[in-house]
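Observations on the model geometry
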Amino acid sequence: MNTLITIREYETAARAVLDPVHFDYVSGGARDEVTLRENEAAYARLALLPRVLRGNPKRTLETRLLNSRASMPIILSPTAFHKLMTGDGELATARAAAAADTIMITGMAATVAVADVVAAARAAGGGDVWFQLYLQTRNDITAEIVSRATDAGVTAVVVTVDSPVLGAGDRNIRNGFTDLPPGLACENLRGLGGDPTDRVRSIELSAELSWEHLDRLRALTELPIVLKGTAHPDDARLGIEHGADAIMVSNHGGRQLDGIPATVDLLPDVVAAVDGRVPVLVDGGIRRGTDVAKALALGASAIGIGRPIMWGLAAAGEQGARNVLEILRSELDHTLALLGVESPAELGSDWVVTKP
Ligand SMILES: Cc1cc2nc3c(=O)[nH]c(=O)nc-3n(C[C@H](O)[C@H](O)[C@H](O)COP(=O)(O)O)c2cc1C
Ligand SMILES: O=C(O)C(=O)c1ccccc1
């Protein structure tokens, strides 16, 4: 097979090999999928404005984030159930992220336990792993999950706050996709069942959660906390007041509230509210190096990709995820050259114009 050369081709390849129920689960969004489409469409509405003859022969994409470093400002957003995509699941993802020397955020809903994910990344030569958490209403359960992740060696906790209830994917409802196939489980929740016959606790999403739950998390870990899923600038401000070390602007890839704006359209106001106090990350709809450059120019320190990694895993396992990362790296490097900059840090809002 010829190597695929764009992220879009990986989506097509994934569609061809996956069970349609699983393809829909990964690629779909909430309700009418307005936000899902908007995340990508908003990037197309922004244009890049290059500078010329700036004598920049070399470029670097090296990025520092919290206590971690990455070879580029492109990291892996947390996604559930990688074993639906490829046999090794998150182990393949961890190896691909390590090969690309970038950060993988492993999900609470991973089908491989966080300790095994970190071990796989280390065995493959590096790349920090961060852990994504859904706060649980019972603090002892949250504490146990965070303690496992900490012992495993993760270097940050990413708290997802956009999911007081499960998003409603009409495709999943239509397809009757509710349960994992036999043999797959949320390995990070093993042994936490209140009922001893439940060997794997299910993830609790709760509308009861409040800033107090974040305060409790802040009190129980020294790891940096990334708040993922804030849209309103005031929530970014509140997050920092409650101890967040970074803000990740996300609408969960259009899988939670349909009708929320595209993340790249939310980004400038959040960046303004944060005012340089902590790094701001963004994810949703990034499919090209030019999209990455637009997000960086609007103030993101790094971006996350969700579905592109899943499509890579489905199409060609670890190698597919590696190719997805290398496609975006090379597109971003090429874009920076065309923009006349040496590094992501040089980009600012002068490099972006909104098309009329
Ligand atoms: C299949 C799938 C599962 C996801 N699972 C989670 C999750 O468990 N926790 C979480 O915080 N975000 C989850 N997300 C959201 C991603 O972290 C990310 O915000 C989103 O995918 C970014 O948009 P993109 O897919 O357009 O890159 C999931 C996304 C997908 C596509
Ligand atoms: O599918 C999702 O987007 C997601 O976030 C999730 C949440 C809980 C369990 C599995 C996946």
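Residues numbered from 1 in each chain as written. Chains lettered and ligands numbered in written order. Predicted model: local features only at pLDDT ≥ 70, side-chain atom pairs only at ≥ 80, totals over all residues. Heavy atoms only, no water.

Quick look at the UniProt feature "active site" (unreviewed entry) in the protein
Cut-off, in case you're wondering: UniProt positions are given in the numbering used here, feature names are shortened, and annotations may be inferred rather than shown by experiment. Each helix is a run of DSSP H or I of at least 4 residues and each strand a run of E of at least 2, with the numbering of both proceeding from the N terminus. When checking whether two residues touch, look at their non-hydrogen atoms; a contact exists if any pair is within 4.5 Å.
When the UniProt feature table is mapped onto this chain numbering, "active site" (unreviewed entry) sits at H252. Mapped onto the fold, H252 is located in the loop between β9 (246-249) and α10 (263-274). Once residues within four sequence positions are removed from consideration, H252 is found in contact with Y134, T160, D162, S163 and K228.

What about the site of ligand 1?
Heads up, the condition is: Here a residue is considered near a molecule or strand provided that any single heavy atom belonging to it is located within 4 Å of it. Identification of polar contacts relies on pairs of N or O atoms within 3.5 Å, with a donor-acceptor requirement for protein atoms, meaning one able to donate a hydrogen and the other able to accept it, and with residues adjacent in sequence counted only if both atoms are side-chain atoms. Only the protein chains shown count as cover for residues, and the accessible areas themselves come from Shrake-Rupley with a 1.4 Å probe. Residue polarity is assigned by list, with Asp, Glu, Lys and Arg as charged and Ala, Val, Leu, Ile, Met, Phe, Trp, Tyr, Cys and Pro as nonpolar; anything else, Gly included, falls into the polar class.
Every one of the 22 residues lining ligand 1 counts as a neighbour, but P78, T160, D283, G285 and R287 are closest to it. R307 has a polar backbone atom sitting 2.9 Å from an oxygen atom of ligand 1. Contact with the protein chains removes 98% of the 600 Å² of surface that ligand 1 exposes when unbound. Counting only elements with at least two residues in the shell around ligand 1, the list comes to α2 (20-27) and α12 (307-339). In the shell around ligand 1, the residues fall into seven nonpolar, 10 polar and five charged.

Quick look at the nonpolar core
Where we set the bar: The definition of a nonpolar core used throughout is a set of buried Ala, Val, Leu, Ile, Met, Phe, Trp, Tyr and Cys residues joined through side-chain atoms within 4.5 Å. Burial status follows relative accessibility: with a 1.4 Å probe on protein chains alone, a residue under 20% of its type maximum counts as buried, one over 50% as exposed, and anything between as partly exposed.
Judged by nonpolar contacts, the single largest core of 99 residues is most densely connected at I74, L133, V159, L217, I247, I305 and L347. Other than its neighbours up to four places away in sequence, I74 contacts T102, V292, I303, I305, L325, L328, R329 and L332. Among the nonpolar cores identified, the runner-up in size contains 13 residues, and I105, W130, L281 and A302 belong to it.

Thoughts on unusual backbone geometry
Look at E33: it is not a glycine, yet its phi comes out positive at around 60 degrees. Summarising the element assignment, E33 is placed in the loop between α2 and α3 (34-45). When its relative accessible area of 12% is taken as the criterion, E33 is described as buried. The phi angle at H252 is positive, at roughly 65 degrees, despite the residue not being glycine.

What to know about α2
Of all the eight residues making up α2, six are buried; the element is thus mostly covered by neighbouring parts of the structure. Taken together, the buried positions of α2 are H22, F23, D24, Y25, V26 and S27. Buried positions along α2 lie against α1 (7-17), α3, α7 (170-175) and α12. The N-capping residue of α2, defined by a side-chain oxygen 2.9 Å from the backbone nitrogen of V21, is D19.

Description of the site of ligand 2
Ligand 2 sits among Y25, A80, F81, A109, Y134, H252 and R255. At 2.6 Å from an oxygen atom of ligand 2 is found a side-chain nitrogen or oxygen belonging to Y25. Separating an oxygen atom of ligand 2 from a side-chain N or O atom of H252 is a distance of 2.7 Å. Contact with the protein chains hides 81% of the accessible area of ligand 2, taken as 290 Å² for the molecule alone.

Remarks on the pattern of salt bridges
Stated precisely, the cut-off is as follows: Salt bridge, as applied in this entry: a Lys or Arg side-chain nitrogen positioned within 4 Å of an Asp or Glu carboxyl oxygen.
Going through the model one piece at a time under the given rule, you end up with 22 salt bridges. Of the charged contacts, one joins R54 and E346 as a salt bridge, the two residues approaching to 3.0 Å between their closest N and O atoms. Placement of R54 in the loop between β1 (46-48) and β2 (63-65) and of E346 in the loop between α12 and β12 (352-354) is noted, with a sequence separation of 292 residues between them. Of the residues examined, E346 reaches a relative accessible area of 29% and is grouped as partly exposed. Across the pair E62 and R69 runs a salt bridge, and its minimum N-O distance is 2.8 Å. Note on E62: relative accessible area 42%, which makes it partly exposed.

A few points about the side chain of T142
In this structure, T142 sits in helix α6 (residues 139-152). When near neighbours in sequence (up to four residues on either side) are disregarded, T142 contacts L133, L135, Q136 and L217.

Observations concerning the environment of Q319
Examined against the element boundaries, Q319 turns out to sit in helix α12. Considered as a pair, Q319 and E208 are 111 residues apart in the sequence and their alpha carbons are 41 Å apart.

Description of the pairing of strand β8 (residues 225-230)
Quick note on the threshold: Here, strands pair whenever DSSP counts at least two bridges between them. Handedness of a crossover is defined as follows: with both strands directed away from the viewer, a clockwise route from the first strand across the helix to the second makes it right-handed.
β8 sits mainly inside the fold: six of its six residues count as buried. The sheet contact formed by strand β7 (residues 157-160) and β8 spans four bridges and is parallel. Looking across to β8, one finds that V159 is bridged to L227. The handedness of the β8 to β9 crossover, carried by helix α9 (residues 233-241), is right-handed.

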